[in-house]
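What follows is the residue order along each chain.
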Amino acid sequence: MLSRPHQPVLPPPPPIDCASHSLFVDFDGTLVPLVDHPELVRADSELVELLDALHTRYGGRLALVSGRSLAQLDAMIGPVVSRIALAGSHGAEVRRGDRLVEPPRPEGLDGAIADVRAYGAGHPEMIVEEKSHGVAMHYRRAPILEEPVKRRAYAIAERHGLEVQLGKMMVELRGPGWDKGQAVAVLMGEPPMAASLPVVIGDDLTDEPALKVAGEMGGFGVLVGAPRESAALYGLTDVGSVRHWLWEAAR
Ligand SMILES: O=P(O)(O)OC[C@H]1O[C@H](O[C@H]2O[C@H](CO)[C@@H](O)[C@H](O)[C@H]2O)[C@H](O)[C@@H](O)[C@@H]1O
């Protein structure tokens, strides 16, 4: 039997300094635990308080960098998010204050959504999540669907000129040409983050380009969850330890 190569446990991140670091934090699986249905996720009051404290302490050098769309982040987190820099849809949409930068809606997306919905009609355990720049197929409620769902996702992506984004118990079809690393680089090129050191915290494959960019720009990445091959130098075990570390960083 083939065994997976051993991945070392990453050490916990060192303390950071609110005068010189910027924080880029993923949402699902990093700030909130993963649940069966993507629509059931809401920020709790402690998380809202934490984001508010970090935003103030770091002089606006806090960004959420998520696979969710900006519209979803607004709805799930509430008013505090309007003050925080956001990169949504795996880096496609970037918003700071009143300024929003986003590519056109992917041309093939409507056709892909129709194909995904048609497939979903025969697989009611699969959840379809429509977003502004992509459509996700979730198989968390029926892990046995992993291979067939992935196969169908690659076929639909090819038919409609989209990219496949693998995630945790889900596969997403999204427009090509962006990733979270590019979004971090864009935000790092502008005040108030310019000339600071980026710290990126994330758990999923979509976070890897951002974890890599953090190291390239003089900061570091923090992988959340079980060890795996990653550009991150440090690790935290779960959402609880991420929040604890961030509260320390906010003091
Ligand atoms: O970059 P993120 O903020 O971590 O977003 C990545 C994807 O997260 C969501 O899916 C994940 O969370 C769901 C709710 O807990 C869970 O059911 C699913 O299995 C996870 O993969 C979200 O639904 C996706 O749109 C994001 O791309």
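Residues numbered from 1 in each chain as written. Predicted model: local features only at pLDDT ≥ 70, side-chain atom pairs only at ≥ 80, totals over all residues.

Under an unreviewed UniProt entry, the name given to the protein chain is Trehalose 6-phosphate phosphatase, and the source organism is Rhizorhabdus dicambivorans. We quote the UniProt Cofactor (unreviewed entry) comment for the protein chain here in full: "Mg(2+)". The record in UniProt for the protein chain states the following under Catalytic activity (unreviewed entry): "alpha,alpha-trehalose 6-phosphate + H2O = alpha,alpha-trehalose + phosphate". (UniProt positions renumbered as here; feature names shortened; annotations may be inferred.)

**Q** Can you walk me through the site of the ligand in this structure?
**A** Near the ligand there are 23 residues, and of these Phe27, Asp28, Pro38, Ser66 and Gly67 occur at the shortest range. For the shell around the ligand, the secondary structure elements donating two or more residues are β7 (134–138) and β9 (170–174). Considering only residue class, the shell around the ligand consists of 8 nonpolar, 6 polar and 9 charged. Residues from two domains meet in the shell around the ligand; each of domain 1 (21–102 + 178–250) and domain 2 (109–174) gives at least three. (Near = placed C-beta within 6 Å. Helix = DSSP H or I, 4+ residues; strand = E, 2+ residues; numbered from the N terminus. Nonpolar A, V, L, I, M, F, W, Y, C, P; charged D, E, K, R; others polar. Domains from an automatic or database assignment.)

**Q** Would you take a moment to explain the sheet that holds β9 for this structure?
**A** The strands making up a sheet are joined through hydrogen bonds of the backbone, oriented either antiparallel or parallel. Reading across the sheet, the 4 strands line up as β6-β7-β9-β8 and stay open at both edges, with antiparallel pairing between neighbours. Since the sheet does not close on itself, it has two edges, and those belong to β6 (127–130) and β8 (163–167), each with one partner. Across this sheet, the average inter-strand angle for adjacent strands is 20 degrees, counted without regard to direction. Of the pairings in the sheet, the one linking β7 to β9 comprises 5 bridges and is antiparallel in character. The partner of alanine 136 across the bridge, within β9, is glutamate 172. Of the strands in this sheet, β6, β7 and β9 touch helix α3 (residues 109–121), which is tilted by about 15 degrees from β7. Contacts from helix α4 (residues 146–160) reach β7, β8 and β9 within the one sheet, and its direction differs from that of β9 by about 5 degrees. (Pairing = 2+ DSSP bridges. Axes fitted to C-alpha atoms, helices over the stretch in contact; angles between N-to-C directions. Contact = placed C-beta atoms within 7 Å.)

**Q** Explanation requested: the packing of helix α1 (residues 45–57) against helix α7 (residues 239–250) in the structure shown.
**A** Each packed pair of helices is defined by two parameters, the angle between the axes and the distance between the axes. At a closest axis distance of 9 Å, the pairing of α1 and α7 adopts a crossing angle of 35 degrees. Here α1 runs over α7; the crossing is left-handed. On α7, the residues touching Leu50, Ala53, Leu54 and Arg57 of α1 are Arg243, Leu246, Trp247 and Ala250. Within the contact of α1 with α7, the residues separate by chemical class into 6 nonpolar, no polar and 2 charged. (Left-handed = near helix turned anticlockwise from the far one by under 90°.)

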